[in-house]
Structures are given as structure tokens and as C-alpha cells.
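Fold and geometry: a report
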Amino acid sequence: MSLDEDARWLEWVTKQFETIAGDDKEIDIDEFKTALKVKESFFAERFFALFDSDGSSSISLDELLEALELLIHGSETDKLKFLFQVYDVDGSGSIDPDELRTVLKSCLRESAISLPEEKLDDLTLALFESADKDNSGSITFEELKAELENFPEVMENLTISAANWLKPPELDQKKRQAPRYLTRAYWHNNSRKLLFLCLYACLNVLLFIGAMLQNRHGGVSFMVAKGCGQCLNFNCTFVMVLMLRRCLTWLRATWVVRVLPLDQNILLHQIVGYAILIYTVVHTTAHVLNFMRMAESSEYHLWEYLLTTRPGIGWVKGTASVTGVVLQVLISLMVLCSSTFVRRSGHFEVFYWSHLSYVLVWALLVVHCANFWKWFVAPGLVFLLEKIVGIAVSRMGGLYIVEVNLLPSKVTHLVIKRPQFFHFKPGDYVYINIPVIAKYEWHPFTISSAPEQSESLWLHIRSMGQWTNRLYEYFRESDSEMVSPKRLATSLRNRRQLLTAQEELFSSTNSNGAVAYNEDDAIELKMYRQNGFEADEAPPSPPSGSQGLAEPLPDGLEPAERGEAPPLREVSAKFGENHRFCNIKCYVDGPYGTPTRQIFASEHAVLIGAGIGITPFASILQSIMYRYRMRKQNCPNCNYSWCENIKDSEMKLRKVDFIWINRDQKSFEWFVSLLTKLEMDQADEEPEGRFLEMHMYMTSALSKNDMKAIGLQMALDLLAKKEKRDSITGLRTRTQPGRPEWGKVFQKVSEENKGKVHVFYCGAPALAKVIKAQCEHFSFNFYKENF
């Protein structure tokens with residue numbers, strides 16, 4: 001820092017200190033913990049002891065500045081000495097295994113990571129044995145420094161990052177940049193949408209001017225009202241066209257998708273909705289002004305013009321004014337209840353039921369305006385046909401939820417028996433209705449199973465609103481109820497028969513001489529059967545359960561290997577602590593296409609899921625790896641396998657990067673079995689590198705350059721290399737702490753040069769804006785899952 005910058009920083013720190021310290025000008029341990037925002041008191045106490053150089057049990061401004069001078073302006077050696085003192089709890093000048101274990105245990109709590117005691121011991125020994133070069137039984141400062149030099153990314157910015165008040169403010173003024181919407185990259189990546197919006201705006205202007213010229217005899221307010229009315233005729237019809245889901249899904253498979261922004265239909269629907277609100281407000285205001293002028297020279301008062309049919313305005317018994325007032329109220333409520341605040345705050349039902357008033361709005365528009373039916377008749381018939389087809393398809397045959405698994409973070413995994421006529425693409429979504437939860441409510445969810453999974457359909461539903469919470473609670477309460485002995489005995493008998501049949505398949509070989517399943521699955525199945533299936537015991541999940549291989553039992557076998565196992569799903573019994581079989585009626589409307597249908601036309605795909613946003617990518621990844629396995633070659637003389645060229649007419653993909661960002665450790669349990677299976681499919685290195693690379697991020701974990709997490713992240717790295725498995729998820733892919741640095745992530749993707757990059761995202765809207773801005777910078781195509 002320059003002298004001027006240093007002076008400004010010193011002034012800022014002094015103000016921060018005065019805010020925290022209060023009248024006594026000293027910071028005690030409680031104030032220190034509050035300011036530091038440290039979850040684990042161990043680090044707060046260690047930092048406080050080291051800051052309190054005079055041992056007075058409080059920190060003065062001078063002591064704080066001295067410590068900050070070391071942590072912010074000091075050299076790497078100075079910072080490492082401070083870190084060594086944190087780890088050296090007894091002040092002996094060296095770190096023994098017990099001290100290191102205490103520190104790592106506190107690191108785990110600080111990062112919200114839960115590991116068994118045995119794993120903690122393994123982490124401690126891995127780091128201690130690596131750092132203790134001379135095998136003296138303790139780690140000296142020089143040994144710790146030498147160990148840290150093996151992790152250069154840790155040394156980039158060694159700070160106590162959780163304490164915002166310990167950081168200097170951003171003194172460098174950001175260079176003024178052109179607004180994002182004026183950049184060349186933005187126009188290039190959004191050309192279809194921008195061109196469509198320009199055409200939409202021009203059409204509205206032409207309609208407005210044309211209607212004004214036709215009614216120029218009635219005065220300015222009358223002309224404006226008629227101009228807005230003509231625009232409303234078009235927009236109130238066009239807003240419906242943008243939600244013809246079946247037609248749009250069909251169009252996505254044609255050349256039209258390269259011309260029209262079909263993937264932006266929801267955004268365009270929202271824009272048209274706001275335009276309708278603006279037009280109605282201007283239209284109503286203009287008519288009020290016109291009625292005020294008319295009331296001055298007629299026998300009717302203003303309120304009669306607005307709220308009665310006496311003046312006889314309107315083509316259906318003078319009801320134009322009355323229907324206009326009702327329409328203004330309904331449209332305003334629809335737009336208000338459609339706001340992000342309402343939909344994202346757990347009140348989706350408010351949006352759902354208020355939006356159903358569109359039927360009443362269209363009926364009133366027909367009565368209100370003599371010409372509206374001419375605009376409405378053709379799109380209305382298509383819309384009605386879509387609804388009829390949707391109802392017919394959803395009611396054809398009986399669909400049943402046959403299996404339920406309650407996952408961490410209140411996620412409900414539904415397994416639905418898939419009808420033969422139901423065909424979908426990876427990433428598609430459906431509307432589901434479960435009468436026992438809500439008889440008339442339909443809610444959209446992404447299909448998380450692959451199209452190649454012919455017997456069942458998966459939905460992963462996170463509890464975020466009234467309906468989803470009722471769904472989770474319904475099955476949780478069902479799990480707690482006792483199952484009748486007769487039905488349980490039937491379930492156990494069927495299960496024994498099923499496992500006997502499948503054990504025979506394990507011991508047999510297929511026509512190519514290959515074992516049907518691997519040895520680990522056979523051992524696990526055998527252990528499961530040996531459990532005895534006692535009525536008072538909860539058996540573990542089967543080896544091919546609904547979170548494991550491509551399909552849950554009993555449909556886990558390929559069609560040629562399935563055999564004649566008894567129909568296990570017809571029973572209704574508890575199978576595990578949060579896992580049960582059932583037979584619950586449901587209706588499914590769909591499938592409907594999403595932007596992810598573009599994935600197989602791209603060359604380098606980057607899939608980014610935030611939290612439960614992984615659901616469309618679960619389907620996509622399974623489908624990709626299914627096609628990948630179909631193209632895999634096996635050496636006849638050894639066990640080596642490879643895939644020389646995966647690019648073909650059906651799938652042009654050359655590389656897939658999958659990024660999953662989760663808030664906590666438990667959320668990884670949703671799909672960790674699936675991801676493990678995908679890793680096993682790529683056990684062999686390919687000539688051009690791995691086709692599928694996975695990147696896991698845990699935002700609750702502290703970053704590697706944070707003093708409170710350095711030891712833990714080093715230990716996790718060392719143990720992962722030793723065991724070839726991540727301690728947090730059990731995957732081979734190492735879980736990274738914190739959030740991705742998107743600039744570095746996309747820079748690496750760009751340097752791989754695997755072809756045109758398409759980025760697909762599903763998750764929180766705030767993160768979507770950040771990723772989209774980075775995509776525009778690197779000229780990547782960006783697609784956001786939205787329905």
C-alpha cells in the first residue's frame with residue numbers, strides 16, 4: 001500500500017474498532033467472538049490469546065493494529081508463524097498429534113463437515129505423517145512451512161477471511177466499464193431474443209398508431225385508449241401463445257429453434273404480462289379522462305360511466321365499463337401474485353390459483369371488446385386442444401407412485417411406474433397431480449431419471465412451499481405408522497423370493513460370457529439377505545436401490561436380464577428408515593421440453609447445478625453415460641476399455657464438465673450413488689482425457705486460504721490421494737470448499753479447446769446472473785432451466 005492508502009486503511013480500522021469496543025475502548029472475548037463470526041470457539045480463543053499480547057484479557061487498539069499489521073502487511077513467514085502458534089496449543093514450540101487432532105476437529109465444526117471419529121483419526125495421521133519429515137513425533141515450524149509449500153494455492157492469500165472487520169476496504173477504484181447490455185458479447189449471445197423483442201416492440205407501435213389514426217375523431221384521450229385497447233387485443237392473445245408447452249416442445253425439435261428464442265418463452269411471457277399491465281393502466285386512465293369530459297356535457301355522472309351499464313357503452317348490453325373495472329383488478333392481481341417474491345417465498349399456491357383466473361379474464365375480454373374474439377379464436381382453439389390432450393394423456397392408464405425415499409434437507413424422491421407410451425428427452429419436466437396431497441393442484445418438476453430407464457420415472461422434490469411440504473410430511477408420517485403384520489409378512493415373503501431370483505442372476509453369466517453384476521453388488525446383496533428380514537428390524541437399502549444404479553429394484557436389470565421376479569411394488573410396506581414401497585395414485589401431464597434439449601447438439605457442455613438444481617442433470621448425465629457405454633470398446637486380450645470417438649449424428653459431445661454447488665454436506669447424499677456409478681463407468685483414462693469431469697463445491701466449508709481451514713483442507717487432500725476417495729462425499733472427485741471462481745473455471749474450459757461451449761444452469765436466479773455475465777465474457781452460449 002502507498003502511504004496515503006495506508007493512512008486511509010488505518011482510519012477505517014480505527015472506526016471499526018470503536019464500533020465494536022464501545023465506551024471502554026477494549027475488546028473482550030465475547031465481543032471478539034461476535035465480531036469474528038467464528039462458529040467454533042476454539043479459534044476465537046486462540047486468536048484472542050495471540051492478539052492479547054499483554055495478557056490483560058482484553059484487546060486494545062494498539063494490540064489489534066499490531067496483529068493486523070502482521071496478518072495483512074506481513075510476509076508469508078510472519079503469517080505462517082502466527083498459524084503455527086494457533087496450532088501449538090500448549091506453546092511448546094512443536095505440534096504433537098493430539099494438538100493437531102484438536103485443531104482438525106475444530107476445523108470440521110467450523111466448516112459444517114460431519115465425519116466419524118475414525119475418519120478424523122485418519123485425517124490427523126495423514127497430515128501428521130506427511131509433515132513430520134524426521135519422524136520425531138512432533139511437527140516443528142520448519143516442517144509445517146515445508147509442508148505448506150506443497151500447497152501453493154493455500155499461500156496465495158493467507159487471511160482470517162471470516163472476519164470482515166479484519167479486512168482492509170477495497171481501495172482500488174474499479175475502472176468504469178460500459179454497461180453489460182451495451183457490450184458486443186451481450187448482443188452476440190442474445191441476438192435471437194433481442195431481435196424478437198425489437199419485432200415485438202415494432203408490432204405494438206404499429207398497432208397503437210393504427211388504432212389511434214382510426215379513432216382520431218374522438219380526442220386525444222379516446223385515441224390513446226383505443227390504441228392501448230388494440231395492443232391489448234394482441235398481447236392478451238400472444239401471452240397465451242407463449243405458454244403452448246406442447247407446441248413449443250415440438251418446435252424445439254425443428255429448425256425454428258435456431259431462429260426464434262423458444263428457450264426464452266418464460267421470460268417473454270413475463271415481459272408480455274408486464275406490458276399488459278401497463279397497457280391496461282393507460283387504457284383505463286385514458287377512458288376515465290374521456291368519461292370526465294363526457295360527464296360535463298351529459299346527464300350521466302362519472303361514477304355511472306365507470307360502474308354502471310346505464311350509458312350503454314359496450315357491445316354486450318353496455319357492460320364495457322363494468323367489465324373493464326373487473327379486468328383491471330384481475331390483471332393487477334395476477335401480475336402481483338406472479339412476482340418472484342410470492343413464488344419464491346413458499347407461497348406458490350397463491351401464484352397458482354390467481355393465475356387460473358386467466359379463464360375469467362378471457363371471458364370478460366370477449367364481453368368487453370367487440371373485436372377481441374377475432375384475435376382469440378385461432379390461438380384459443382389451439383390452447384383448448386392442448387388442454388384436452390393434456391387431460392387425456394394424464395388420465396390415460398393408472399399411474400402410481402410405487403416407491404418413496406425421504407432424503408436429507410427435506411427432499412422427497414418419488415419413483416413412478418412409467419407407462420409404455422411415455423417418451424421424454426433428458427432434462428424434460430412434467431406436471432404432477434397427487435390427489436391425496438391436493439386434488440386439483442398441478443406442480444412442475446424436472447424428471448431426474450434417464451429416458452433409457454424404461455420401467456420407472458424419478459422425481460426429486462425439495463420442500464420449499466405448502467404443497468411440497470405437505471408431500472414430505474405425508475410420507476414421513478406414513479413411515480412412522482406401523483404396517484399391519486399380514487401385509488408386512490407378504491412384503492417379506494415377496495422380497496425373499498425376489499432376492500433368491502436375483503442371486504441366481506448374480507451367479508450366472510450372460511450370452512457374452514460377462515457376469516451380470518459386479519462382485520461388490522453380489523456381496524452386498526448376500527449380506528442384505530442374511531440380515532434375516534425380521535419384522536422388528538429395518539433392513540438396509542438394496543444394492544440396486546433407487547439412488548444407486550440406473551434403475552431401482554426390481555427393474556434394475558437390463559431387459560434381457562430381468563427374469564421373472566415377483567412384483568415387489570404391489571405391496572405397501574416400510575423398507576428402510578426413510579424408504580418405503582407404496583401404491584399411490586397420481587397423474588402426470590407432459591413431458592415438456594427445456595433448454596437442456598440442446599445439450600446433445602453441443603460439443604463441450606458445462607452443466608452447473610446449485611442444490612436441488614441437479615435434478616435435470618441427473619437425467620442428462622445418466623443418458624450421456626448410457627450412450628457413452630454403448631460406444632465403449634473393449635480389448636479382447638485384456639481388461640482395458642476405451643472410447644475412441646464419441647462424436648456422431650446423435651451426440652456431438654466431446655467433453656462434459658459437471659459442476660455441483662451445495663450448501664452443506666448432507667445435500668450431496670441426494671445423488672452421490674449415481675455420481676459414484678458415473679465415475680465407475682470412467683475407470684479407464686481416455687486417450688484425450690476424461691470425457692466427463694465432475695467438480696463438487698461445498699459453500700459452508702471455509703476456503704483453503706482461510707487460517708481456520710488450512711490444516712483441514714491439507715489433510716483432506718492428503719487422505720484423498722492416499723485412499724483415492726473424497727472423505728466428504730465418498731467420490732473420487734475431491735470436494736472443493738467455498739464457491740467456484742467462475743473466471744478461472746471458464747478460463748480453463750476455454751483453454752481446453754474442445755469445441756463450441758454451451759453452459760446449462762439450474763438453480764438460484766442470483767447465481768444465474770453471475771454465470772451468464774461470465775459466459776458473455778467468454779462468448780459461451782448460456783441456457784437457464786426455467787419453467
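Thresholds applied
Residues numbered from 1 in each chain as written. Predicted model: local features only at pLDDT ≥ 70, side-chain atom pairs only at ≥ 80, totals over all residues. Heavy atoms only, no water. Salt bridge = Lys/Arg side-chain N within 4 Å of Asp/Glu carboxyl O. Buried < 20%, exposed > 50% of the residue type's maximum accessible area, 1.4 Å probe, protein only. Helix = DSSP H or I, 4+ residues; strand = E, 2+ residues; numbered from the N terminus. Phe/Tyr/Trp six-rings, centres within 6.5 Å; stacked < 30°, edge-to-face > 60°. Lys NZ or Arg CZ within 6 Å of the ring centre and 35° of its normal. Expected span 1.5 Å × (residues − 1). Pairing = 2+ DSSP bridges. Axes fitted to C-alpha atoms, helices over the stretch in contact; angles between N-to-C directions. Contact = heavy atoms within 4.5 Å. Parallel < 35°, antiparallel > 145°, perpendicular 65-115°, else oblique. Left-handed = near helix turned anticlockwise from the far one by under 90°. Nonpolar A, V, L, I, M, F, W, Y, C, P; charged D, E, K, R; others polar. Lys, Arg positive; Asp, Glu negative; His and termini not counted. Polar contact = N/O pair within 3.5 Å; in protein donor to acceptor, adjacent residues only side chain to side chain. Core = buried A, V, L, I, M, F, W, Y, C linked by side-chain atoms within 4.5 Å. pLDDT = per-residue confidence, 0-100. Patch = residues over 30% accessible without salt bridge, like charges linked within 9 Å, V, L, I, M, F, W, Y side chains within 5 Å. Areas by Shrake-Rupley, 256 points an atom, 1.4 Å probe, with all protein chains shown as cover.

Let us now look at the pattern of salt bridges. Under the criterion given, the structure shown has 15 salt bridges. Between Asp657 and Lys655 there is a salt bridge, with its nearest N and O atoms 3.6 Å apart. The buried category is assigned to Asp657, whose relative accessible area is 3%. We classify Lys655 as buried; its relative accessible area is 3%. Residue Lys655 pairs with Glu693 through a salt bridge whose shortest N-O separation is 3.5 Å. Remark: Glu693 occurs in strand β12 (residues 692-698) and Lys655 occurs in strand β11 (residues 655-662); sequence separation between them is 38 residues. Relative accessible area serves as the criterion here: at 22%, Glu693 is assigned to the partly exposed category.

The next point concerns the packing of aromatic side chains. Any two aromatic rings considered together are summarised by their centre-to-centre distance and by the angle between their planes. Tallying each qualifying case throughout the model produces 27 aromatic pairs. Look at Phe445 and Trp467: their rings are 5.8 Å apart centre to centre, the planes differ by 25°, and that puts the pair in the stacked class. Taken together, the residues span a long stretch of sequence, with Phe445 in strand β4 (residues 443-446) and Trp467 in helix α20 (residues 466-480) at a distance of 22 residues. Neither residue differs from the other here; Phe445 and Trp467 are each classed as buried. Ring geometry for Trp660 and Phe668: centres 5.3 Å apart, planes at 70°, overall edge-to-face. For the pair Trp660 and Phe668, one class covers both residues: buried. One aromatic cluster is present, built from ring pairs that chain together Phe196, Tyr200, Phe234, Phe238 and Trp375. The positively charged end of Arg245 is found above the aromatic ring belonging to Tyr592, 6.0 Å away from the centroid.

For helix α10 (residues 191-214), spanning 24 residues, the distance from its first C-alpha to its last is 35 Å, which sits close to the expected 34 Å at 1.5 Å a residue. Considered for burial, the residues of α10 that qualify are Lys193, Leu194, Phe196, Tyr200, Asn204, Leu207, Ala211 and Met212.

Within the open sheet, the 6 strands sit side by side as β13-β12-β11-β8-β14-β15. Their pairing is parallel. With partners counted over all chains shown, the strands left at the sheet margins are β13 (735-737) and β15 (781-784), one partner each. Taken pair by pair, the neighbouring strands of this sheet meet at an average axis angle of 20°, ignoring direction. Taken together, the 4 bridges between strand β14 (residues 757-762) and β15 define a ladder with parallel strand orientation. Bridge assignment links His758 to a residue of β15, and that residue is Asn781. Along the sheet face, helix α24 (residues 672-681) touches β11 and β12 and points at about 145° away from the line of β12.

A word on the packing of helix α11 (residues 220-241) against helix α13 (residues 265-295). The contact between α11 and α13 brings their axes to 8 Å, and the two run at 155°. Classified by the interaxial angle, the pair formed by α11 and α13 is roughly antiparallel. Note on packing geometry: the crossing formed by α11 with α13 is left-handed. The residue makeup of the contact of α11 with α13, split by class, is 16 nonpolar, 9 polar and no charged.

Turning our attention to the side chain of Glu99. Along the polypeptide, Glu99 turns up in helix α6 (residues 97-110). The side chain of Glu99 is buried and forms no salt bridge, while Arg46, the nearest opposite charge, is found at 7.5 Å. Setting aside anything within four residues of it in sequence, one finds Glu99 in contact with Tyr87, Asp88, Val89, Asp90 and Ser94.

Here we come to α6. Over its 14 residues, α6 extends 20 Å from the first C-alpha to the last, a length consistent with the 20 Å expected when each residue adds 1.5 Å. All of the buried residues in α6 are Glu99, Leu100, Val103, Leu104, Ser106, Cys107, Leu108 and Glu110. Buried residues along α6 sit against α3 (41-51), α5 (76-87), α7 (117-131) and α25 (710-723). Put simply, Asp96 is the residue that caps the front of α6, since its side-chain oxygen is 3.1 Å from the backbone nitrogen of Asp98. Where α6 ends, the next residue or the one after it, Ala112, has phi of about 60°, a positive value.

Okay, the nonpolar core next. Within the largest apolar cluster, 86 residues are counted, with the highest numbers of intra-cluster contacts made by Ile599, Leu607, Ile624, Phe658, Trp660, Leu675 and Leu692. Among the nonpolar cores identified, the runner-up in size contains 30 residues, and Phe196, Met240, Ala275 and Val361 belong to it.

Side-chain direction in a regular strand flips from residue to residue, so the side chains alternate between the two faces of the sheet. Counting buried residues in strand β1 (residues 399-407) gives 8 out of 9 residues, a clear majority hidden from the surface. Inspection of the sheet shows β1 paired to strand β7 (residues 579-592) by 6 bridges, in the antiparallel sense. Looking at β7, one finds that Glu403 is bridged to Phe581. The pairing of β1 with strand β2 (residues 411-417) spans 6 bridges and is antiparallel. Paired with Val404 across the two strands is Leu414, which belongs to β2.

Per-residue confidence for the protein gives a mean pLDDT of 76; residues scoring 70 or more make up 76%. Here helix α22 (residues 519-530) stands out as the least confident element of the protein, with mean pLDDT 39; α11 is the most confident, with 92. A low-confidence stretch, residues 171-176 stays under pLDDT 50, and its non-local contacts, those more than four residues away or across chains, total 4 contacts. Considering only residues more than four positions removed or in separate chains, one finds that residues 504-575, a stretch of pLDDT under 50, has 146 contacts.

So, on to a nonpolar patch on the surface. On the surface, Trp303, Leu307, Val325, Val329, Leu333 and Leu336 cluster together into a nonpolar patch covering about 580 Å² of accessible area. Of all the secondary-structure elements, those providing two or more residues to the nonpolar patch are α14 (302-307) and α15 (320-337). Considering each element in turn, the nonpolar patch owes the most residues, 4 residues, to α15. In this structure, Leu333 sits in helix α15. In this structure Leu333 comes out as partly exposed when scored by relative accessible area, which is 43%.

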